[in-house]
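The chain contents come next:
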Amino acid sequence: MTGQDGGRVAIELAARRAFARHPYGSVTLRGIAADAGVSASLIVKHFGGKEALFDRVADFSAAAESLFDAPLTELGAHAVRTHVEYRRAHHSDPLLRVVFAVGRADEGSLLRERFRAQVVSRLAERLRSPHAQVRAELFVAGLLGLGAVSSIDKEGPAASAHIDDLVELYAPSLQAIVTPGTD
């Protein structure tokens, strides 16, 4: 990915890191630009400013849409495959940034609220099963765990395994969460 699209992606990744790790007030466009290897004016051109950029990186709806775009009977395999493909293509995780926002004040709270509404609650609405909210939270926790282990050891077995092996090994546990059993 090069050119304008590559610049946008680099900006979004740098902004995700900055907003997840630092209070909103201490994040600057210049700092994000330096991390992304672009100019601050390019950020303004693409996103309009710091507030609009924060709104963009605090939006999980596209990630949820791609992760959950499968029939419930195939959701475990689809979510694992989509998650791993995204991580490998973008060198980042579609969900994990919410974990870094746990201790932050206003911006962390907003990030967590959006995550809950756009990811967890969206999945819970689809489940229509006993304990739908808990099932959704546990399913998403499984994806966060997969992302965490791949982030902790970028060359480790889970991060470097063949995608079909990951789906075969990990998806059944996620599928069991969303497929109602005997409660």
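(A) Structural detail: helix α4 (residues 50-57). Here α4 has its buried residues at Leu53, Phe54 and Val57. One side of α4 carries all its buried residues, which in axial view fall inside an arc of 100°.

(B) Fine view of the packing of helix α6 (residues 75-90) against helix α9 (residues 132-152). For the pair α6 and α9, the least separation of the axes is 11 Å and the interaxial angle reads 30°. Put simply, α6 runs roughly parallel to α9. Where α6 crosses over α9, the handedness of that crossing is right-handed. From α6, Leu75, Gly76, Ala79, Val80, His83, Val84 and Arg87 reach across to α9, where they touch Phe139, Leu143, Leu146, Gly147, Ser150 and Ser151. Partitioned by chemical class, the residues of the contact of α6 with α9 number 7 nonpolar, 5 polar and 1 charged.

(C) Just unusual backbone geometry, in detail. A positive phi is found at Arg128, a non-glycine position, where the angle reads about 45°. Despite not being glycine, His131 has its phi angle at roughly 60°, a positive value.

(D) Representation of the environment of Leu111 in the model. Tracing the sequence through the fold places Leu111 in helix α8 (residues 106-127). Using a relative accessible area of 5% as the deciding quantity, one classes Leu111 as buried. Each C-alpha atom, one on Leu111 and one on Asp59, is 7.9 Å from the other, the two residues being 52 residues apart in sequence.

(E) The pattern of salt bridges, seen in detail. Tallied over the full model, the rule gives 5 salt bridges. A salt bridge links Asp93 to Arg87, with the nearest nitrogen and oxygen atoms 3.0 Å apart. Taken individually, Asp93 and Arg87 each receive the classification buried, so the pair is uniform in this respect.

(F) Spotlight on the side chain of Asp93. Along the chain, Asp93 falls in the loop between α6 and α7 (97-100). Judged by its relative accessible area of 7%, Asp93 is buried. Within the structure, the side chain of Asp93 is placed 3.0 Å from the side chain of Arg87, a separation counted as a polar contact. For Asp93, the side chain forms a polar contact with the main-chain nitrogen of Leu96, separated by 2.8 Å. Those residues within four positions of Asp93 in sequence are excluded, and the remaining contacts are Arg16, His83, Tyr86, Arg87 and Gly147.

Calculation criteria
- Residues numbered from 1 in each chain as written.
- Predicted model: local features only at pLDDT ≥ 70, side-chain atom pairs only at ≥ 80, totals over all residues.
- Heavy atoms only, no water.
- Buried < 20%, exposed > 50% of the residue type's maximum accessible area, 1.4 Å probe, protein only.
- Helix = DSSP H or I, 4+ residues; strand = E, 2+ residues; numbered from the N terminus.
- Arc of directions from axis to C-beta.
- Axes fitted to C-alpha atoms, helices over the stretch in contact; angles between N-to-C directions.
- Parallel < 35°, antiparallel > 145°, perpendicular 65-115°, else oblique.
- Left-handed = near helix turned anticlockwise from the far one by under 90°.
- Contact = heavy atoms within 4.5 Å.
- Nonpolar A, V, L, I, M, F, W, Y, C, P; charged D, E, K, R; others polar.
- Salt bridge = Lys/Arg side-chain N within 4 Å of Asp/Glu carboxyl O.
- Polar contact = N/O pair within 3.5 Å; in protein donor to acceptor, adjacent residues only side chain to side chain.

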